[in-house]
Structure formats: structure tokens, C-alpha cells
Amino acid sequence: AGFENTEQTLWLYAEWKAYVAAAARDILGAHPWQPSRWLELAWTVLSFSAKISMANGIDFAFTWPLERLFGFPAYYNVKCMLVMAANATAAYVLARALGARPWAAWVAGEIFAFNPFTFYQLETGRVIETILFPVPLYALCLWKAWHDDDRGGLWAVGAGLCCGLATLLYWFNGHFLIAYS
């Protein structure tokens, strides 16, 4: 189960779009104004991955705007660059907050974003497993929650949101963060 290569990822995205269109027609049908129908559609879209053993449906929700802007399949390259940039930036912010000098924080961000694991996952079409920016942001929020007496509660909420986002993106990351706490 899982991805074999980038081409399979692109094919699954195309399948996801067709699935969402069909689900919207079937679920909403003649009663599009009922909130329960919209909740059912949202659950169906997000649980699509369980039906064909692939990455989380939220990843494909992020993909749609990129495809509209850059076209198919060029969006995939843009998506990979954005993921690595977000990961590097989050690691940089964490390192700076912990007292690293700018150049050391930059190196930390680059190592976090551009490593063999990341490139392997991108090559095999597992982009969802490389979206790691919530992880260092979670660590930052958790550290700030412990050390900031004035706004500790606000930082704790931020940590919870980062943990939730990490879990939505790839649930193994969420489990790691919960265990880390």
C-alpha cells in the first residue's frame, strides 16, 4: 500500500478530483442547502485516502489551487519547492528563537528541508510525508508556552494548532508530537 512513484501520485490526484465531483453530485443532489449534506461531503472528501490507501485528502485540497495556477503537472514542482521552503523557514524560526546565530539558523533550516529523506519522499511521490513545517513550529510554541509567563496560554493554543495541523497532514507526525509532549 502506498505510492510507487511520482506518476502514481499525479494519477491519484486526477482520480481525487473526479471522486470529489461525483461525491458532490451524489451527496448534495437536490438538497444542497442542508448542512448535514455539506458535512457528509467534507467527510467523504477527507476520508478518500482510506478508500484507496493513499495520502491524506487534505494534501490534495492544497494541490488544487496550485494546479489551477500552474497547470498539470507543473504544479507538482511548485508544490515541492513550497514544501521545502516552508520546512526550511520553520526550522530557521525555531533555531533563531532558541538563540542560534542567523547563519547557524540558516544551516539548520537547510538541513531540515534539504536532506536525503526529503528528496527520496519527493521522488517517490510522498509529498505528504515531507510537509513537516508544523513540527518545528510546534516545538517553538511548546517551548514558548513553558518559558513565557505572560502569554504561555496563547503559545499553548498555538502548539495545539500546530499539532492538529501536523496530524491532519500526516498522522504519524501528530502521534510523534503527542508522544514528544
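These numbers were taken from a predicted model, which means no experiment stands behind them.

## Some remarks on the overall build of the protein chain
So, point 1. When you go through the protein chain residue by residue, the secondary structure sums to ten helices and zero strands.
So, point 2. Overall, the protein chain shows an N-to-C arrangement of helices and strands of α-α-α-α-α-α-α-α-α-α.
So, point 3. Accessible surface computed for the protein chain: about 10,400 Å², of which carbon and sulfur atoms make up 68%.

## Remarks on the state of the cysteines
So, point 1. Taken as a whole, this structure holds zero disulfides when the rule is applied.
So, point 2. Free cysteine C163: the closest other cysteine sulfur is in C162, separated by 8.8 Å.

## Points about helix α10 (residues 171-180)
So, point 1. Where α10 is concerned, the buried positions are N173, G174 and L177. Projected down its long axis, α10 shows its buried positions confined to an angular sector of 100°, all on one face. Residues of α10 that are exposed and point more than 90 degrees away from the buried face comprise I178 and A179.
So, point 2. If you follow the buried residues of α10, they end up packed against α8 (134-147) and α9 (152-169).

## Section: the nonpolar core
So, point 1. Membership of the largest hydrophobic core is limited to twelve residues, which are L66, Y75, Y76, V78, C80, V83, M84, L122, V127, I128, I131 and L169.
So, point 2. Among the elements that make up this core, the one with the highest residue count is helix α5 (residues 74-97) (six residues).
So, point 3. Counting ten residues, the second largest nonpolar core, distinct from the first, contains V135, A159, C163 and L177.

## With respect to the packing of aromatic side chains
Working definition: an aromatic ring pair is given by the centre-to-centre distance plus the angle between the planes.
So, point 1. By the definition in use, this model includes three aromatic pairs.
So, point 2. Ring centres of Y170 and F172 lie 5.3 Å apart, and the angle between their planes is 55°; on these two criteria the pair is classed as tilted.
So, point 3. Ring centres 4.3 Å apart and planes at 25° place the aromatic pair W171 and F172 in the stacked group.
So, point 4. When its relative accessible area of 45% is taken as the criterion, W171 is described as partly exposed.
So, point 5. An aromatic cluster of three or more residues is present, and its members are Y170, W171 and F172.

## Topic: the pattern of salt bridges
So, point 1. For the structure shown, the criterion picks out one salt bridge.
So, point 2. For D148, the salt bridge is made with R151, and the minimal N-O distance between the two is 3.5 Å.
So, point 3. Given the relative accessible area of 17%, D148 is considered buried.

Quick notes on the rules
Residues numbered from 1 in each chain as written. Predicted model: local features only at pLDDT ≥ 70, side-chain atom pairs only at ≥ 80, totals over all residues. Heavy atoms only, no water. Helix = DSSP H or I, 4+ residues; strand = E, 2+ residues; numbered from the N terminus. Areas by Shrake-Rupley, 256 points an atom, 1.4 Å probe, with all protein chains shown as cover. Disulfide = S-S within 2.5 Å. Buried < 20%, exposed > 50% of the residue type's maximum accessible area, 1.4 Å probe, protein only. Arc of directions from axis to C-beta. Contact = heavy atoms within 4.5 Å. Core = buried A, V, L, I, M, F, W, Y, C linked by side-chain atoms within 4.5 Å. Phe/Tyr/Trp six-rings, centres within 6.5 Å; stacked < 30°, edge-to-face > 60°. Salt bridge = Lys/Arg side-chain N within 4 Å of Asp/Glu carboxyl O.

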